[in-house]
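One-letter residues, chain by chain:
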Amino acid sequence: MAIPLVFWGQSPPTHEITCICRSEDKKGFATASKSGQICLWDIYRERETEKLKVRPRCLMFGHSSEAISLCFVRNHTGERDMVASLSRKGTICLWDGKEGSCLRYVNIPGHHTGIKALSRQKYGESLIALYGMYSCVYILDSTTLEVICTLKAAHNPNWNAQICFISNVERRDALLSLTVAGVAKHWLLPSRSEMKETGELYEETSKTLDFNNPLSVSSCTHHTHCTMLVVRRDAWQLYDVTGGKMKLLMIHACEPSVDAWKEGEYLDYRNIIVWSKNDGRGFVYKLSPRCVPGIEKELEESISSTTTAGCHVAFILGCPAPTGGFPLASYLDKYWQIQGDKEGRVYLWDIRRIRDEITESQSDDPIPPDTDSCIANSWGPPAMPCGLTDMLYPPDTAPPPISCGTYLSSFGRLVCGQDDGCILVLSAIQAATVLMLQPKKFSRGWPQYCRMSGHKGRVNCLLHPGSHSKAYNVDHLLSGGSDFTVRLWDLYSGNLVHTFAVHGGGVKSILSCPADINPRLQTCVCSIAEDYSVAILSTSERKCLLVAASHSSPVESVRFRLEEDFLLVSCTNGRLYVWQIETGSLDRSVEGETAQIILNSSTDTSRLSQTAHSSDMALQVRSLRASPGDSMIQVLLFEPTLLINRLAKMEKLEEMKPKVKEPKKQVDAFKTYVSARRHYGSGVGRPPTSSARAPARRGSTDPLARSYSLVGVAPSEIAPPSDPRAQERAREALGMVVASQTKSEQLTREAPGTIINIVRILLSCLHAWNLDESLDKSCEDVLGLIRPARPVSFGFYSKGCLSLVLPGWGLKSRPKLDSQMSADLDGPVRGRTESLGETFNNIAPSTTPQDGGMAYPSAMTDGGEVRTDPQSKLKRGNSVSVGFTFDQKYHIRWQFSQSLTTQHLLTMVSLTNTLMNQSVGAHALASNVRRKKNTSESSLDEDSDSDSEESHTTKDNLIRAYWSQVAALHCVMLPERMQGKFRPPHLPVLASRFLDPCQAIREASQALLQAELKRIGSAGRKELVTFWASKLQSLTGLKSAAEKMKRGSEAGDILSLEAVGPVPSHAQQCTALIILGMIGAEFHSSSSQARKKSVDIKGGHRSVSDLETLDPAIARQTAKTLQAVLLESPSSKSPLHSNLRCSAAELIGRGFNLWEKYVDIPQVVMGLLDLVIQYSPIAVGKEEKAKKSSAKSLKFVSEVAHKALNLMVILRPITMVTTLAKEIALFLASQHVTHFPHSSLPPVQVGVTPPPSTAGIVTPPTTLLPLAKGEVLELLRVVMEKCSHQLQLQLLEVVDIVLFCLDPDQLKKRNFLELFPAFAKMSNISYSPKTKRLAVGARSGQVGLYDLKQGRTQMMNAHSHAVTVLMFSEDGKLLATYAYGDSTLSMWQIGTSLFGINQTPRFVNSWPAISSSSASSYINYVRLEWSGSRSIILHMPGGVECKYSL
């Protein structure tokens, strides 16, 4: 989970549109560009004018080449619709159709030309058809993108030019394909499962038509007839394709004013639209009834003379001539006509409005579009985007575009190349803080940067080779420019070290060499130029080793053949050149299959350079470009998990530090150094200098200038610039301290405060400002957060792809839904949830409009003002521009999408909880805000001394209290404070993070999930249960696991809930299991009532009226599924430490009081014990040579199982104790051990083989219980500490379990009550240290006598009622027992024979005891005391003492 923070720059990205597709819900569309980006657009209407409007929503970066085809994929399983995109390199990406996050991507070999979505209502499924320059059509699964079937051609195979899908409810669906030779092929499509089982299908019919190279094809079904529209360059044709026949209905040539057609589409069965290629006009034709099969009997209409041709032009759509000229990319359907040009502008026509308003007397003038828009519109007010380098230039000066960039993660520095030839090295987090947050004193002089000048033109590429291999010098940076040179720089000094001028064109890229290459080449880099040349340059020898310049086309990739010392250069024309590195000569050039074989066996240098980013850094910076001529977009990627780990590491390091007071001299020196660093660059604290001693510019090329400026000395006063020897002597005179400071100013490893600065900017941007004025003030004054100074642009990062929210989204007037659009939505579409597991419209009415249309920020009005409650007293800041207020800036992101809300809330709650439980990170974050403004150096020293003398306890408590309030605001109170203008968290995302390996994120997701389920109320939870219950209907793998249970119930125990619809995916099943399990565990009436009775259980208390009873069938199905998941045999797909298994264990523990009547309790308990012992010391010893990640995973699943068992034993102590006692008895019987038999257990008959005890998940029953003794003993300690009053009936079983778990040798040597102190507080248990005997009084009146030396047990009937108290005499030979029920005190003689054999306890005497009704409530305070060897005192409540003697 990464949080992107986007810096777009002052110029908008170029979006040269290549293809368009509309969403299935008719609320928006998507466009693809020549550079591979995908843009999502919203369609809406203004509130007052009712005008149709279009605006860009988000921009997705995933393809590295041109996107040539798009399609929206309808999701029939309840999730949001998806967008599938195809690039020219054959990569297919699947995107979320609402927020743009990447769901999956795959690369299928072949020359593809298009994809088509197949929405199959009959089967409730969607598929994707892939076609191209080959004779077959691939059918892909719409969720996994795997090929499930191949449609092959048996007759006249040829390349597929166009395909269309024919949906027929009564018959099977069909797919039509037109080849480049004009051959029409017709396939019948069975269900998805049948296609996957078959694997291959051949066409039903094949017919050659009288044309070649069709441009577009579409179909229309009317009743039982289906027609097909084929558009060629010079004409369009209609065919009757009913039943696979290809009957020609009509041909219509180009209009006189049209040179060529481009594409066409059906508006309905009697109207079509065909677009011209060169002038951007769309001709809408109305067909004659005789040209439409199935309506020949209808009355002929009175139409123009074109009736003889079968059609006439109804009206014409016209598009204004774009700057880039025609043709345009198009999307055509009966609702919208959308055109997009090369400049990124889209045009939209409302076809239904036009058809309603058009008249017969309409002129032939083209109808202009209803609206148009482009991405550049987002770059105007109210949100003006900025770039990371903007603060380095005057406000009235436009900064040069950033042409390239690279991030040095180990040093926290961003290196940017510019169009003017300069290279900037700056601190990324400092630059982002200065740009995004309001200025503070601690950020004075930020960002630290260095400017290096040398290139005479644009800087095209950058490479820091030290980030890729340790063989390179970490000081070096290489840059390639349009001036044909590669320059080597020293990052520490900012000097130009060497210039390589070996190319005859601009340098496009620089790559590092593999680490295992020839030792001489380990410090070399490979440069690629625009003149198709490749060079190997040595950074250590400062010379060129090889120039390969005989290539006939642009270079596509460079690889090394390490065995033969060859350099392989692959070009775009498919030819491969093999160069000898040692001699520099061309060995050979090959192409075709031979070239591909050689390439596959070599090392790809470009991939090595691209994947060299550090993966353990909390902050990464990605540099993106929409097109080659655009400025780079800088994206800061924050990793919350790594930030939490780094904060925890800081806390541990602080605890390990010895608390020794530093000497005053060292403290003073450090303060002086910090003060100089803080004020350097701002003019504060420098000594007065004359013109000759003016401080050096930051962009100075003098390597000593920055060092001199630190001490206020001009270079001319120490050494003339023309005398190198004098400069060297000056360097020595300055000393090593100043030299090291100069080095750290330019480039150092990550500073200790960097993590704190990263946390500060992330939390400051994510915090919900202006919702609580007092909390905002505390965040600024105490916690160290800073209010943002400008709108923040966020995004999504998934599968290595970025989806960035365009600036200014939602900051304008609130759109109103098109009523006609909402009327077009059919029932199933309108009733579906927006995403998998999202709350429904009637649960959270604020999240989606009531008319079923697009959901837009409800806080917007036409004038851009925010509608707020008159009673609210939210503090507003000054408007940045007209119509823009701070409320919009802070709150609009909560209305973008549920996934964005979930990401931000998870990050905010997890980080605040981490800081709340720490002192080092929280104090470091708040340290910069405790200093007063305009404080001098002396006052800073005094403040530091006073802070060191203060007690940290008060500060810690104050900081933790405020962090707790911040966490509560985002976890619980945010929906209420937002007054309905809020998209709630996405339940599937929270479910996926339910058991995240990071503890802070895991606890945050569980808290957010529980808070959201509580927020939607009982009605909302019932809706969720109804929706998700059907997703558990086909758990194939889990059912098979359940059937394999050794002691499971019959097959009917796994309930199969019948549901109409497609088979849910595995992800849906897992989400359903967690959501239903959470509802049953936390919101079921019996669950919550049991939690009220127990103690130390986390979770809020609720009234019984707020609770509901889960349907027994659903509860049974959920419980059985949880059990099956927990006990499933480990495999490669479902390992022992899988998240799903951990989630099942957690949920079973949370709701055990509900699931216990539906699951096999012994199997569940033994399975959890098996998970616990997987990380025992014995198991760890076996895994010493295994990977650390595996041991960490086993530790995690062991902790989860341990927590689940603790919850179970507290919620149902009697059930757990009984289960453990029976399993131990079965185990001892199977081992032929008769120690500690108990009468409550079924006796084992002689000669009859006892049933085996229950096995674990991977551990056999013979070793499971012996290995789990420690865990069982810990469970008993917990239950005796918290629920001992509930175990009076099972006290003998508890003792049996304890004696089984304790070491027999320890029982003989040590005091039993020391080994298990929980029994020392119980009055009906007594232990004699001298005789090593243990007496236990039961509720039945029996007393169990345990001889711990010999391991034997005797039972005696002492009383007719429950034994209240008993006690051994000092020598252990007498035992006194008292029962309040029969008011009798009895004395028993306990002894052994001469041969050491236990004798049966002998009754000595009994006395009636005094008892009163008033003492019944104080029965637990009755105790016995031996006053002598043969006399005993009975202490009753109220101070009554009774003495008895033999």
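K.L.:
Can you break down the packing of aromatic side chains residue by residue, with the values?
P.N.:
In the structure shown here, the tally under the stated rule is 19 aromatic pairs. Both rings, one in Trp 809 and one in Phe 896, keep their centres 5.0 Å apart while their planes meet at 80°; by these two values the pair is edge-to-face. Linking Trp 809 in the loop between strand S51 (801-805) and helix H12 (819-824) with Phe 896 in the loop between helix H14 (886-891) and helix H15 (898-916), this pair joins segments that are 87 residues apart in sequence. Using a relative accessible area of 2% as the deciding quantity, one classes Phe 896 as buried. Between the aromatic rings of Trp 894 and Phe 982, the centroid separation amounts to 6.4 Å while the plane-to-plane angle is 45°, which identifies the pairing as tilted. Taken as a pair, Trp 894 in the loop between H14 and H15 and Phe 982 in the loop between helix H18 (952-977) and helix H19 (987-992) lie far apart in primary sequence, 88 residues in all. Across the pair, exposure class does not vary: Trp 894 and Phe 982 are buried alike. The structure contains a cluster of three or more aromatic residues connected by ring pairs, namely Trp 236, Trp 261, Phe 283 and Tyr 285. Cation over ring: Arg 55 sits above Tyr 44, and NZ or CZ is 5.0 Å from the ring centre.

K.L.:
Could you give an account of the pattern of salt bridges, naming the residues involved and the relevant values?
P.N.:
Across all of its chains, the model carries 33 salt bridges by this definition. Among the ionic pairs, Lys 152 bridges to Glu 200, the shortest N-O distance being 2.8 Å. Of the two residues, Lys 152 sits in strand S13 (residues 147-152) while Glu 200 sits in strand S17 (residues 200-202), which places them 48 residues apart along the sequence. Given the relative accessible area of 36%, Glu 200 is considered partly exposed. Among the charged side chains, a salt-bridge network with shared partners connects Glu 1082, Glu 1146, Arg 1150 and Lys 1203.

K.L.:
Summarise helix H25 (residues 1112-1127); cite the residues concerned and give the values.
P.N.:
Over its 16 residues, H25 runs 22 Å from end to end, which matches the ideal 22 Å to within 8%, given 1.5 Å per residue. The buried fraction of H25 is high, at 13 of 16 residues. Two to three positions downstream of the cap, the backbone nitrogen of Ala 1113 sits 3.1 Å from a side-chain oxygen, assigning the N-cap of H25 to Asp 1111.

K.L.:
Lay out the pairing of strand S21 (residues 235-240) in plain terms, naming residues and giving numbers.
P.N.:
Taking burial as the measure, the six residues of S21 include six buried ones, the bulk of the element. Inspection of the sheet shows strand S20 (residues 225-231) paired to S21 by five bridges, in the antiparallel sense. Residue pairing across strands places Val 231 opposite Trp 236, the latter belonging to S21. The antiparallel hairpin formed by S20 and S21 contains three residues in its connecting segment. Here six bridges tie S21 to strand S22 (residues 247-253), and the two strands are oriented antiparallel to one another. Following the sheet pairing, Asp 240 is matched in S22 by Lys 247. Connecting the antiparallel pair S21 and S22 is a turn made up of six residues, with Gly 243 showing a positive phi of about 70°.

K.L.:
Help me get a handle on helix H21 (residues 1017-1029), residues and values and all.
P.N.:
Quick reminder: α-helices carry 3.6 residues per turn. Residues three or four places apart thus point the same way. For H21, built from 13 residues, the straight-helix expectation of 18 Å at 1.5 Å per residue is met to within 8% by its first-to-last C-alpha distance of 18 Å. Along H21, the residues classified as buried are Gly 1017, Gly 1020, Arg 1021, Leu 1024, Val 1025, Phe 1027, Trp 1028 and Ala 1029.

K.L.:
Tell me about the nonpolar core, residues and numbers included.
P.N.:
Leu 1126, Leu 1168, Met 1208, Ile 1297, Val 1298, Phe 1312 and Phe 1319 are the most contacted members of the largest nonpolar core, which totals 118 residues. Setting aside its immediate chain neighbours within four residues, Leu 1168 contacts Leu 1126, Ala 1145, Ala 1201, Ala 1204, Leu 1205 and Met 1208. Membership of the second largest hydrophobic core comes to 83 residues, among which are Ile 644, Val 782, Leu 785 and Leu 915.

Calculation rules
- Residues numbered from 1 in each chain as written.
- Predicted model: local features only at pLDDT ≥ 70, side-chain atom pairs only at ≥ 80, totals over all residues.
- Heavy atoms only, no water.
- Phe/Tyr/Trp six-rings, centres within 6.5 Å; stacked < 30°, edge-to-face > 60°.
- Helix = DSSP H or I, 4+ residues; strand = E, 2+ residues; numbered from the N terminus.
- Buried < 20%, exposed > 50% of the residue type's maximum accessible area, 1.4 Å probe, protein only.
- Lys NZ or Arg CZ within 6 Å of the ring centre and 35° of its normal.
- Salt bridge = Lys/Arg side-chain N within 4 Å of Asp/Glu carboxyl O.
- Expected span 1.5 Å × (residues − 1).
- Polar contact = N/O pair within 3.5 Å; in protein donor to acceptor, adjacent residues only side chain to side chain.
- Pairing = 2+ DSSP bridges.
- Core = buried A, V, L, I, M, F, W, Y, C linked by side-chain atoms within 4.5 Å.
- Contact = heavy atoms within 4.5 Å.

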